[in-house]
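Here is what each chain is made of, one letter per residue.
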Amino acid sequence: MEYSSYRNRIIAVVALAATLFMMLFSSIYLTEHASHHCKDSSHCPVCAMMVQCERSLRTLGTGVAVAVVALFTFMLYTNLFQGYSFKSVQTTLISQKVRMDS
């Protein structure tokens, strides 16, 4: 059980590092080739790589926005219901001490 938890943490760190690596180098590639202009963009490898970098950054940006909204909603509901305690209230005639003489 402990080995599985350790392995999951390593996988999470590697995934995070890969995501940050992709974001960093996609941004660097786009800034270095921002002034790239060619006449035949359908066969240009630089243009193809720029399109791929833009798509990956756009996709990751959308995912981050969704994750932030989900985290905010979770934190809101956690704080909202933190002090809530459920109390079962069952009122009966006996608990109200009603006299049942006929």
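Everything discussed here concerns the structure shown above.
Computed from a predicted model, the values in this text were never measured in an experiment.

J.: What is the right way to look at the overall build of the protein in this model?
T.: Assigned secondary structure in the protein consists of two helices and zero strands. Computed over the C-alpha atoms, the radius of gyration of the protein is 29 Å, more than 25% above the 13 Å expected from 2.2 N^0.38 for a compact globule of 102 residues. Once the C-alpha set of the protein is aligned to its principal axes, its extents read approximately 100 × 40 × 20 Å. Within the span of the protein, comprising 102 residues, buried residues form 7% of the whole. Carbon and sulfur atoms form 66% of the exposed surface of the protein, whose accessible area is close to 9400 Å².

J.: Teacher, can you tell me more about a nonpolar patch on the surface here?
T.: Where nonpolar side chains cluster on the molecular surface, the patch consists of Tyr77, Leu80, Phe81, Tyr84 and Phe86 and spans about 660 Å² of accessible area. Mapped onto the secondary structure, tyrosine 77 falls in helix H2 (residues 45–80). A residue is classified by how much of its surface remains accessible, and tyrosine 77, at 46% relative accessible area, is partly exposed.

J.: Looking at this structure, I do not really get the side chain of serine 26. What am I missing?
T.: Along the chain, serine 26 turns up in helix H1 (residues 2–32). Here serine 26 falls in the buried class, since its relative accessible area comes to 7%. Setting aside residues up to four positions removed in sequence, serine 26 forms contacts with Cys53, Ser56 and Leu57.

Rules behind the numbers
- Residues numbered from 1 in each chain as written.
- Predicted model: local features only at pLDDT ≥ 70, side-chain atom pairs only at ≥ 80, totals over all residues.
- Heavy atoms only, no water.
- Helix = DSSP H or I, 4+ residues; strand = E, 2+ residues; numbered from the N terminus.
- Rg over C-alpha atoms; globule rule 2.2 N^0.38 Å.
- Buried < 20%, exposed > 50% of the residue type's maximum accessible area, 1.4 Å probe, protein only.
- Areas by Shrake-Rupley, 256 points an atom, 1.4 Å probe, with all protein chains shown as cover.
- Patch = residues over 30% accessible without salt bridge, like charges linked within 9 Å, V, L, I, M, F, W, Y side chains within 5 Å.
- Salt bridge = Lys/Arg side-chain N within 4 Å of Asp/Glu carboxyl O.
- Contact = heavy atoms within 4.5 Å.

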